[in-house]
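In case you want the letters, here they are:
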Amino acid sequence: MLATLAAVSALASPPIAQLRLVCESRTYVPGSALRAAVVLDLPKGWHVYWSNPGDSGVPPRVRWKLPPGWKASEPAHPAPKAHRDSEFVSYVHEGKVLLPVRLQASRDARGPARLVAEADWLVCKEGCVPESAVATLVLQPGSGIVPSGAREAVAGAFQSIPAVGGRGTLRWEGDRPIVEANGLGDAAGLEAFPTTPGVLMHRQPVARAERTPQGWRLELNRSEFLQGRPRALELLLIPTDPSGRRLGPGRVFVFEAAPSGP
Amino acid sequence: MRTPIVIASAAALFAAALVVAQKPQASQAQVGQPAPAFTLKDTEGKAHSLSSFKGKYVVLEWTNHECPFVRKHYGSGNMQKLQKWAKEKGVVWLTILSSAPGKQGYLEPAEAKRLTREQGFACAAYLFDTDGRVGKAYGARTTPHMYVIDPKGTLIYMGAIDDKPTANPDDIRGARNHVMEALKEAMAGKPVSVPSTQPYGCSVKYAD
């Protein structure tokens, strides 16, 4: 009997990461937008992966079950941390991870709305464990936003998403991509994270950097898995102060080669 | 005129890279180039050298039986099926363990022998690279991470086993298997259409 119980509890080992779904409001207005977040609570020492996991790992995946006419965006990611594993580097999140999501209520919605997120993720420390869970959130119909206990956390999560819309130029010197970025303010330094795998070397995307009168010039290291010379590269750049502290969540830059002649 | 970056800025710039090796060791393995030579011992203590397989296609498979991505392909029988298919075509399949002693997935030779028997591995040899030298020479970074070498000893494919980077066995059906495709194309005298992909899986558990 005891042996059976032990066997059962070994099979149903408690999950490492806890999944929750939170929203800024307890209520919804039909047809209006709401800010929400998929939350993964990780114990110390464990991590999940950024949208570009780097040299190993996979990002969390969320599938939605929503009432008719409702919509949910793909979860966004805060800026990642670099996690070294031998010579290779993964891009990860640690601690309480909030992945911001925009919800759109159906115009025809009536009554309580039951929103279900089915998520699976890989959580790693020394080894990795694939986990999955379902989180449910019920919103009541209302005439405006009724702040929930998670409102500040959700607002903070939205502020932690890197901005988009950075533009810059790309030029190839042999096999080396060279990009120039403006509009990074008075950054004393930069952290750089390629947004897609297989393009730049994750362990050291930037070979050399120098300030220009307008911004920065970066010599990049291509990934050994990259084929040819793409005409565009995407990089998250996070300005840092002289002590290396981040000045905000950074901005995603698209660097494009000038169109070649006819 | 460009101002060279000051030292403090350089330190901050590489905050993401600081934690990694200061002198990035470019891995030697490159598609189209000779595959790095190696000699490794199998579960019986017998040494196998890559050079002794000249004239045959060789597949290298990095493994760690505790990694969920490896379990995806062995638990479903996908890896064994691919190994058997390759064996019938005369391909030499070498499964390589780079987990260091004390790290996840490390096995003593006797344990590895039992594992390969229990799970029906169809590899020609299960090789130990517990100091990680061969893995690093190939730039092996995930389990699984796959390499295909042609009869001349040239690397013709490196990367993921397939195009579905998940730990879910349900994703094997309908996935494009890059290893099988590279072998089929090369054996038909065609160039390999996808010679290199970003691998997916757990990190290789090298010695610290």
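Structure: above.
Residues numbered from 1 in each chain as written. Chains lettered and ligands numbered in written order. Predicted model: local features only at pLDDT ≥ 70, side-chain atom pairs only at ≥ 80, totals over all residues. Heavy atoms only, no water.

Re the overall build of chain A
Per the secondary structure count, chain A includes two helices and 18 strands. Expressed as lengths along the three principal axes of its C-alpha atoms, the size of chain A is roughly 65 × 55 × 40 Å. Across the 262 residues in chain A, those meeting the buried criterion constitute 49%. Counted over contacts in chain A with a minimum sequence separation of 6, partners at least 24 positions apart contribute 71%. With the model as given, the accessible surface of chain A reaches about 12,500 Å², and the carbon-plus-sulfur share is 54%. On chain A, the mean spot of the 30 positive side-chain charges and the mean spot of the 24 negative ones are 6 Å from each other. (Helix = DSSP H or I, 4+ residues; strand = E, 2+ residues; numbered from the N terminus. Buried < 20%, exposed > 50% of the residue type's maximum accessible area, 1.4 Å probe, protein only. Contact = heavy atoms within 4.5 Å. Areas by Shrake-Rupley, 256 points an atom, 1.4 Å probe, with all protein chains shown as cover. Lys, Arg positive; Asp, Glu negative; His and termini not counted. Charge placed at Lys NZ, Arg CZ, Asp CG, Glu CD.)

Re the sheet that holds strand S1 (residues 18-23) of chain A
Residues and elements named next belong to chain A. Sheet architecture is open: four strands sit in the order S1-S3-S9-S6, paired in antiparallel fashion. Here the strands that pair on one side only, and so sit at the sheet edges, are S1 and strand S6 (71-72). The pairing of S6 with strand S9 (residues 96-104) spans two bridges and is classified as antiparallel. The residue bridging Lys71 from the neighbouring strand is Gln104, located in S9. (Pairing = 2+ DSSP bridges.)

Considering the interface of chain A and chain B
Chain A puts 48 residues into the contact, and the matching count from chain B is 45 residues. A buried area of about 3,700 Å², summed over both sides, lies between chain A and chain B, and 56% of it is on carbon and sulfur atoms. Among the residues of chain A in contact with chain B, Glu87, Arg203 and Phe225 of chain A are the three that bury the most area, contributing 18% of the side total. Along the contact surface separating chain A from chain B lie two salt bridges. Linking chain A to chain B there are seven residue pairs in polar contact (both at pLDDT 80 or more). Put simply, the parts of the chain that give the side of chain A that touches chain B at least two residues each are strand S7 (81-85), strand S8 (88-94), strand S11 (128-141), strand S14 (189-194), strand S15 (206-211) and strand S16 (215-220) of chain A. Among the elements that make up the side of chain A that touches chain B, the one with the highest residue count is S15 of chain A (six residues). (Buried area = accessible area lost by both parts, 1.4 Å probe. Salt bridge = Lys/Arg side-chain N within 4 Å of Asp/Glu carboxyl O. Polar contact = N/O pair within 3.5 Å; in protein donor to acceptor, adjacent residues only side chain to side chain.)

Regarding the packing of aromatic side chains
On inspection of all chains with the given rule, the structure shows 13 aromatic pairs over all chains. For the pair Phe253 of chain A and Phe255 of chain A, a centre-to-centre distance of 5.8 Å together with 10 degrees between the ring planes defines the contact as stacked. Both residues of the pair, Phe253 of chain A and Phe255 of chain A, belong to the buried class. Grouping aromatic residues by their ring pairs yields a cluster made of Phe38, Trp62, Tyr138 and Tyr147 of chain B. Here the guanidinium or amino end of Arg35 of chain A rests over the ring plane of Phe158 of chain A, the centre of that ring lying 5.2 Å away. The ring of Tyr206 of chain B carries the charged tip of Lys136 of chain B above its face, separated from the ring centre by 5.0 Å. (Phe/Tyr/Trp six-rings, centres within 6.5 Å; stacked < 30°, edge-to-face > 60°. Lys NZ or Arg CZ within 6 Å of the ring centre and 35° of its normal.)

Considering helix H3 (residues 68-75) of chain B
For an α-helix, 3.6 residues make a turn, and residues three or four places apart therefore share a direction. All names here are of chain B. The buried fraction of H3 is high, at six of eight residues. Within H3 the residues assigned to the buried category are Pro68, Phe69, Val70, Lys72, His73 and Tyr74. Positive backbone phi, at 85 degrees, marks Gly77, one or two positions downstream of H3.

Some details on the sheet that holds strand S18 (residues 251-257) of chain A
Residues and elements named next belong to chain A. Read across the open sheet, the seven strands follow the order S14-S17-S18-S12-S13-S16-S15; overall the sheet is mixed. Each edge of the open sheet carries a strand with a single partner, namely S14 and S15. In this sheet, adjacent strand axes meet at a mean angle of 30 degrees when their direction is disregarded. (Axes fitted to C-alpha atoms, helices over the stretch in contact; angles between N-to-C directions.)

Some points on the pattern of salt bridges
Residue and element names in this part refer to chain B. Applying the stated criterion to the full structure yields 22 salt bridges over all chains. Notably, a salt bridge pairs Lys113 with Glu44, separated by 2.9 Å at the nearest N-O pair. Residue Lys113 is found in helix H5 (residues 109-118), and its partner Glu44 is found in the loop between strand S1 (39-41) and strand S2 (47-49); the two are separated by 69 residues along the sequence. Assessed through its relative accessible area of 35%, Lys113 is described here as partly exposed.

Notes on the pairing of S16 of chain A
All names here are of chain A. Of all six residues in S16, six are buried, a share of seventy percent or more. The pairing of strand S13 (residues 176-182) with S16 spans five bridges and is classified as antiparallel. Counterpart to Ile178 in the pairing with S16 is Glu219. Relative to S16, S15 is paired through five bridges, and the arrangement is antiparallel. Pairing of Val206 across the sheet is with Leu220, part of S16.

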